[in-house]
Each structure stands twice: as C-alpha cells, then as structure tokens.
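One-letter residues, chain by chain:
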Amino acid sequence: MGIEDYGGGQNPQTDVLVVTTNDVPGYRVEKVIGEVFGLTVRSRHLGSQIGAGLKSMIGGELKGLTKTLVETRNQAMERLIEQARSRGANGVLMFRFDVTEAADVGTEVCAYGTAVVIAPR
C-alpha cells in the first residue's frame, strides 16, 4: 500500500471549502447556516479482527485497520460536505472528527462543523 492509501482530506475540486479554523483568510462570512455533520459506522470483518489480534501481540502498525479508518473518515467527510451543500453552504468552519467505539461491533466516525456562506473580501 502506498501513501495515497493512508491520506484523506478534501477533494480540491469541491465547491464547499472545509477548514479547521474559525475563519478563512481573504473571505468574509456572509451567513451562518449552522451545525452540519456526516456520520458513518463501520464494522471489521472477522479476518481483519484475527489479523489485528495477532499483530497486536508482536507490535507494529495495524495497516488494514489504518486503511479502514482512513476510508471511514473520508466517507464521513463526504457526507458532511453533502449536507452542507444541500443546506446552501459553500464553506464549513471549525471542522472536526469524533471517533467512538460503537458497542464493540464497530467504529463510529462523525465529521462535524459549522456550515456557512463565504465570499471573497
């Protein structure tokens, strides 16, 4: 697996800018729409659980689980962007991820932030 399998983030071609900051340099917030989020819950298949269990005994990165978490975070972010766009936003400020174990059956990933309409200054 190459480095591209472990990356994430926003597609540069999107019409909704997502940032972790309170503002965007060179832009002004014209309208605050409100909180938006994208949520997904993923379970691991039995083979990866066994492999992860064996790997955890000898140490090292759990590459299969890392790749699954990257895919999960990317899906949550895509859903966040879809929700922001559907509500008329072209930006999301204060973007964050929240990751939680979901009753020992999977991992819940929530991407959230504040949907806004921004315009160049």
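Here the structure is shown first, and the text comes after it.
The following paragraphs examine the structure supplied in this document. Not measured: the values here are computed from a predicted model.

**Some details on the side chain of Thr 40**
Then, number 1: Note that Thr 40 resides in strand 2 (residues 27-42).
Then, number 2: A distance of 2.8 Å separates the side chain of Thr 40 from the side chain of Gln 75, its partner in a polar contact.
Then, number 3: With sequence-adjacent residues up to four places away left out, Thr 40 is seen in contact with Thr 72, Gln 75, Ala 76, Arg 79, Thr 107, Glu 108 and Val 109.

**Some details on the nonpolar core**
Then, number 1: Judged by nonpolar contacts, the single largest core of 16 residues is most densely connected at Val 18, Leu 80, Ala 84 and Val 92.
Then, number 2: Mapped onto this core, the elements with two or more residues apiece are strand 2, helix 2 (63-86), strand 3 (91-102) and strand 4 (106-120).
Then, number 3: In terms of residues, this core owes the most to one element, helix 2, which gives 5 residues.
Then, number 4: Excluding residues that lie within four positions of it along the chain, Leu 80 makes contacts with Val 18, Val 36, Phe 37, Gly 38, Val 92, Phe 95, Ala 111, Tyr 112 and Gly 113.
Then, number 5: Membership of the second largest hydrophobic core comes to 5 residues, among which are Val 19, Val 24, Leu 93 and Val 116.

**Some points on the pairing of strand 3**
Then, number 1: The pairing of strand 1 (residues 17-18) with strand 3 spans 2 bridges and is parallel. Considered in strand 3, the bridge of Val 18 is made with Val 92.
Then, number 2: With 10 bridges connecting them, strand 3 and strand 4 associate as antiparallel partners. Bridge pairing links Glu 101 to Thr 107 in strand 4.

**Here we look at the sheet that holds strand 2**
Then, number 1: Judged by pairing direction, the sheet is mixed, and its 4 strands sit side by side in the order 1-3-4-2 without closing on themselves. Bordering the open sheet on either side are strand 1 and strand 2, each of which pairs with just one other strand.
Then, number 2: Across the sheet, helix 2 is in contact with strand 1, strand 2, strand 3 and strand 4; its angle to strand 2 comes to roughly 135 degrees.

What counts, and where the lines are drawn
Residues numbered from 1 in each chain as written. Predicted model: local features only at pLDDT ≥ 70, side-chain atom pairs only at ≥ 80, totals over all residues. Heavy atoms only, no water. Helix = DSSP H or I, 4+ residues; strand = E, 2+ residues; numbered from the N terminus. Polar contact = N/O pair within 3.5 Å; in protein donor to acceptor, adjacent residues only side chain to side chain. Contact = heavy atoms within 4.5 Å. Core = buried A, V, L, I, M, F, W, Y, C linked by side-chain atoms within 4.5 Å. Buried < 20%, exposed > 50% of the residue type's maximum accessible area, 1.4 Å probe, protein only. Pairing = 2+ DSSP bridges. Axes fitted to C-alpha atoms, helices over the stretch in contact; angles between N-to-C directions.

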